[in-house]
Amino acid sequence: MSIRKSLIGAVILGGLMTTSALAENTFKYAFQGSLKSLDPYSLNETFTLGTLGNVYEGLTRRGPDLKILPALAESWSIEEPTRWRFNLRKGVKFHNGNDFTADDVIFSAERIKSEGSDLKSRFPDGTKFEKVDDHTVDVILTAPNPILHFEWSTWYIIDKEWAEANDSVKVTSASDQNASTISLQANGTGPFKIASHDAGVSTVFEANTDWWDNANKKHNLDKVEFSTIASDATRVAALLSGEMDMVYPIPVQDINRVDANPTTTALTGPELRTIFLGMDQRRDELLYSNIKGKNPFKDIKVRKAFYHAIDIEAIKSKVMRNLSTPSAIMLSPFMFENAEQFSRLEYNPEGAKALLAEAGYPDGFEVGMDCPNDRYVNDEAICQAIVSMLAKVGVKVNLNAQPKAQYFAKVLASGGFDTSFYLLGWTPGSFDSWNVLTNLHGCRDDEGNGGLFNLGGYCNEKVDELSAKILSENDPAKRLDMITEAYKITTGEVGYIPLHQQGLAWGVSTSIDLAQRADNELMMYYVNKK
Amino acid sequence: MPRCSGGACHFSMLAFVIQRLFQSALVMLIVALIAFVMFTFIGDPVDQMVGLETTLEEREQLREQLGLKDPVPIQFINYIGRAIQGDFGISYQFKRPVATMIGERLPATLELSMVSALFALIAGIPMGVYTALKRDSFISKIFLTVSLVGISLPTFLIGILLIFVFAVQLQWLPSFGRGQTVDLGWWTTGLLTSSGIKALIMPAITLGLFQMTLIMRLVRSEMLEVLRTDYIKFARARGLRDRAIHFGHALKNTLVPVITITGLQLGAIIAFAIITETVFSWPGMGLLFLQAVQDVDIPIMSAYLLMIAFLFVVINLIVDLLYVFVDPRIRITGGET
Amino acid sequence: MPYVTGEETTARTQAAGRPENVVRKSLITSMLDSDIWHSFKRSKITILAAIVTFLIFFGALFAPLIAPQNPFDPANLSLIDSLIPPVWEEGGDARFLLGTDDQGRGILSTLLYGSRISLAVGFASVIFAAILGISLGLLAGYVGGRTDAVIMRIADIQLTFPAILIALLIDGSLRGALGGINREQSAFYVLVFSIGLSFWVQYARTVRSSTLVEKNKEYVQAARLIGLHPIKIMVRHVLPNVMGPVLVIATINLALAIITEATLSFLGVGIPPTQPSLGTMIRIGNDFLFSGEWWITMFPGVMLAILVLAVNLLGDWLRDALNPRLR
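Residues numbered from 1 in each chain as written. Chains lettered and ligands numbered in written order. Predicted model: local features only at pLDDT ≥ 70, side-chain atom pairs only at ≥ 80, totals over all residues.

Put simply, an interface is often sized by how much accessible area is lost when its parts join up. In this assembly, 42 residues from chain B lie in contact with 42 residues from chain A. At the level of secondary structure, the elements contributing two or more residues to the side of chain B that touches chain A comprise α2 (45-49), α3 (56-65), α7 (155-169), α10 (242-280) and α11 (285-295) of chain B. Tallied by class, the residues present in the side of chain B that touches chain A amount to 21 nonpolar, 14 polar and 7 charged. (Contact = placed C-beta atoms within 7 Å. Helix = DSSP H or I, 4+ residues; strand = E, 2+ residues; numbered from the N terminus. Nonpolar A, V, L, I, M, F, W, Y, C, P; charged D, E, K, R; others polar.)

Here the focus is the nonpolar core. Among the nonpolar cores identified, the biggest contains 334 residues, and V247 and M524 of chain A together with Y304 of chain B are the most heavily contacted of them. When residues no more than four places from it in sequence are discounted, the contact partners of Y304 of chain B are I102, M285 and F289 of chain B. (Core = buried A, V, L, I, M, F, W, Y, C linked by C-beta atoms within 7 Å. Buried ≥ 20, exposed ≤ 12 C-beta atoms within 10 Å, placed from the backbone.)

Let us now look at the interface of chain A and chain C. Taken together, the 33 residues of chain A in the interface contact 27 residues of chain C. Those elements that provide at least two residues to the side of chain A that touches chain C are α6 (232-240), α7 (255-260), α9 (312-319), α11 (379-392), β15 (396-402) and α12 (404-411) of chain A. In the side of chain A that touches chain C, the residues fall into 14 nonpolar, 10 polar and 9 charged.

Residue and element names in this part refer to chain C. For the pair helix α11 (residues 230-266) and helix α13 (residues 295-322), interaxial distance at closest approach is 9 Å and the crossing angle is 165 degrees. Taken together, the axes of α11 and α13 are roughly antiparallel relative to one another. The two elements α11 and α13 cross, and the hand of that crossing is left-handed. Contacts between α11 and α13 involve G244, L247, V248, T251, I252, L254, A255, I258, I259 and A262 from the first element and L304, L307, V308, V311, N312, L314, G315, L318, R319 and L322 from the second. Here the contact of α11 with α13 is composed, by residue class, of 15 nonpolar, 4 polar and 1 charged. (Axes fitted to C-alpha atoms, helices over the stretch in contact; angles between N-to-C directions. Parallel < 35°, antiparallel > 145°, perpendicular 65-115°, else oblique. Left-handed = near helix turned anticlockwise from the far one by under 90°.)

This part takes up the environment of K193 of chain A. Tracing the sequence through the fold places K193 of chain A in strand β8 (residues 192-198). Residues in contact with K193 of chain A, not counting those within four places in the same chain, are V55, H95, F205, E206 and N208 of chain A.

All names here are of chain A. Of all 7 residues in β15, 6 are buried, a share of seventy percent or more. Bridge count between strand β14 (residues 366-372) and β15: 7 bridges; the pairing is parallel. Considered in β15, the bridge of E366 is made with K396. (Pairing = 2+ DSSP bridges.)

Bringing the sheet that holds strand β7 (residues 136-140) of chain A into the picture now. Strand-to-strand pairing in sheets goes through backbone hydrogen bonds, with the strands running parallel or antiparallel. All names here are of chain A. Spatially, β4-β5-β7-β6 is the arrangement adopted by the 4 strands of the open sheet, whose pairing is antiparallel. Of all strands in the sheet, those with a lone pairing partner are β4 (73-80) and β6 (128-133), marking the two edges. With strand direction ignored, the average angle separating the axes of adjacent strands in the sheet is 25 degrees. Sheet topology places β6 next to β7; 5 bridges connect them, and they run antiparallel. Counted as the bridge partner of D133 is T136 from β7. Sitting on the sheet, helix α3 (residues 102-113) is in contact with β5 (83-88), β6 and β7, with an inclination near 175 degrees to β6.

Next up, the structure:
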């Protein structure tokens, strides 16, 4: 009896071991940046939130095409213009086995607004959350807001009980001197659990066999290993040598090589981020220019001349290796239905010279340009190309390309908008035009109150009025009209010179099937290993 | 110079050690101060800690909480006060105690440094001996020239070329990381797995090449010096065989300075690992430091610099003490440093 | 790391001792010393190194006259001309013998202009380091006492860190401090200052130890007795005696400075890419190594290696030649 039992046990155990050895599907991938704190409210940054999105979940989530889909909320409705109702999914469990309820949502809402959170902008101040029952929550707004839930796919719900038990109620703020549990461990509801986390080096995920949506799951993974490889060359080499199943981003110049390799392929697509040039239109005299006593950028002719001087197609084919989409507006056409009504000013160096002469600068002038050199795809190369294009119309640009730490410290509000001419990239977190209009086009004062990222200080009160109306307009058609009107004004005035939407380039092993999202987030539950 | 004997010797020895320890502490303090003053210029850590959309008020508040608004001397005193108690703060970026993070990264860097120092010794000494004994042979000239090429190519270029040849083209060796490591509780080692050893080869060669050249040339010149001395001439006159002279006497005498220099260089190797670690994504302290510089993660930068200073001070101290023990002729006070 | 060679030199200088060197040779006479000239002529590799060094210096000095294009003037560049392979490869263009980089700069022209920058940074930082190091070394050795202790303690502290780390930190802080000033214009000075400041110690140590030896010599005592000003004594009597080792250090440092500049540029904190040095060219080209555009990084890489190698060979020879016991 006992012998038989242990024999059976051994057979079962043996069987289990072989199946697990056979079925063990490990997906290894690498990214240039690193995963730091695991607290989902510590840092409002794409990669961190995107990666945590495999472990935690929000009330909503976004599909491969970025459409908003239900997640922890099964459905929602606008009961009154200022009251939204969210019906929560039943039977969802956190990784530690706790049930997901309305209390967790209300706790998370309080936590995300608390001190130290970097995600306070997920809903407007004054918004109240009310528990209707264990699986229903009402959200009461101070004003109508059709885009309330647009950024909720990265507002992750935390288990109240677990957070309280583990001293993690307080958000791990940037200034904390003690690391709390939630910054080192994760307890979400998502399809993957974190098995181990070595901050800045590697993180190991395990599939959550109790995930509520396992019936529809797309992935066939058991384990995922993430590593940080900061060096471009090393990252590509790791893919080519087969050490990694997937790496991103890959430099655009290496796409051909990755494609030529029989076991790897480059997956490319448009990204949401728009790269553009900004000009100081606020100061009466430019900080970095040989023109004293006046600001040439206040003259629309000069701004237009700069625009005409730029050969965007050459940048696209030579610098971006065709992996960019020249843009006439300040956001991706993905996020704006009327994008095709806008077109770029054509490349016309002669016209640019004529415009400069008309503006009173027949011999051009000198201006300093700020540019990051480790932030966007080939940012420094783009800036250099622009310097040489502007040189051809007589404008001498003194390029100041710096690592992002120094660059942002200089040009952002904290550095006093210390720039005359700059290159920047922008992705609206909500995927909506209002974000672009307020942050990049809203009038601001010298401290940055108003359009915080409107570094050049473009200002048109008409645009500000429109954007205020856009925020609270619930009717989609009227809203679209107003957005279009606002963009007509801003592009007409050449408030900025949009360049392009940069491309995504992921290097993927041919044994892997996955969905590439335009927001550059890797969702492991779309990954299949053949 | 009178040789010290018994108690007097112990006493002066103790005084020497105390004096050296005091100096070392002072050195570290100054290093910390200089580092601190420098950090105030490198960039704004707050901009690196928050998302782009964080408001100005929140940024200001954060700056306040981090004590970044205090005058630099106050920040410095606070930092030293905590550092003495072994508290190096929490990383701005990773939200983890810096001491722990450095502790985790230490084995990777130390293993890499040790192996590359070993490589430099094992390859450098024979080459040095050979080039000293056969000064005019063709192979010696090749060795000398090749070794010069070794120091003439920047480390990063050597690393990239090795990756290109051995990882991408030939696919013999991994291009990054440490491979599989074994956790011994207080130490993680890559030396116990084949993938770990394979991963170590290219970074160790890249890092060790410069030291190898240095050792080779040092051995060569020391050998040449020793071979000219009277006592070797005497040995030769006595009819000792070349081999006995070269290896029994000359090399033995050469090794003391070689080992001293290698010891002194260890600190430099560890610090120089920054570039090698960057090229090979080797998860050591150098990589951590460079990332910290980019992210303006001041606690990591300070701790790293202090640690390098500490290592160097300790190595120097040991070398000094060894000298005194080995060679009592060296005057204890006012010694050349 | 460079200080080891300095230690070596110091040790050797001390070993050599030059005790009876009452007739002090000037630098030039010692250079033209027939022994040294003879040793130069005997070593073919040294002659070759000298020729190569001369050619590179010449090319760098007269770059504007020799180079087919001025790659530092953005108006001359066109993206259309970018990434052209060397002329012997398929798709090559006769205008660009060695191909072009990602901005349409001819590699050949950029090599000429770039080595000009590299050499300028190298020379300027070596001179800066030498002046600083020699003055402090003379001061420490001659004055002695507390001054000596302070200077040498600072040197010790500095030795705690490898040159590249010091240069990295100084560079970072300087750029931060100069924030508003344009990088294109300030990078050169920042680099010279950073590299120079990280290299002064070995000069100081060498000069100090020689000064200690010379100070007690009768002729110095005599000079002091007749009331010569200490500075005059130091400069006239002590300095010429240490010029040999200083020259050796300087030559080796020149090679190191060029490498340090290249490494800093590789790490992205060196010379900006609009007017690239050899190191910056390698950094730019490094991004294209995997995509098959090998010429962008290989030519500057080879050029840098050859330049540094030639300078090192000269330094090597000089060291052996100035140390009579090794001849």
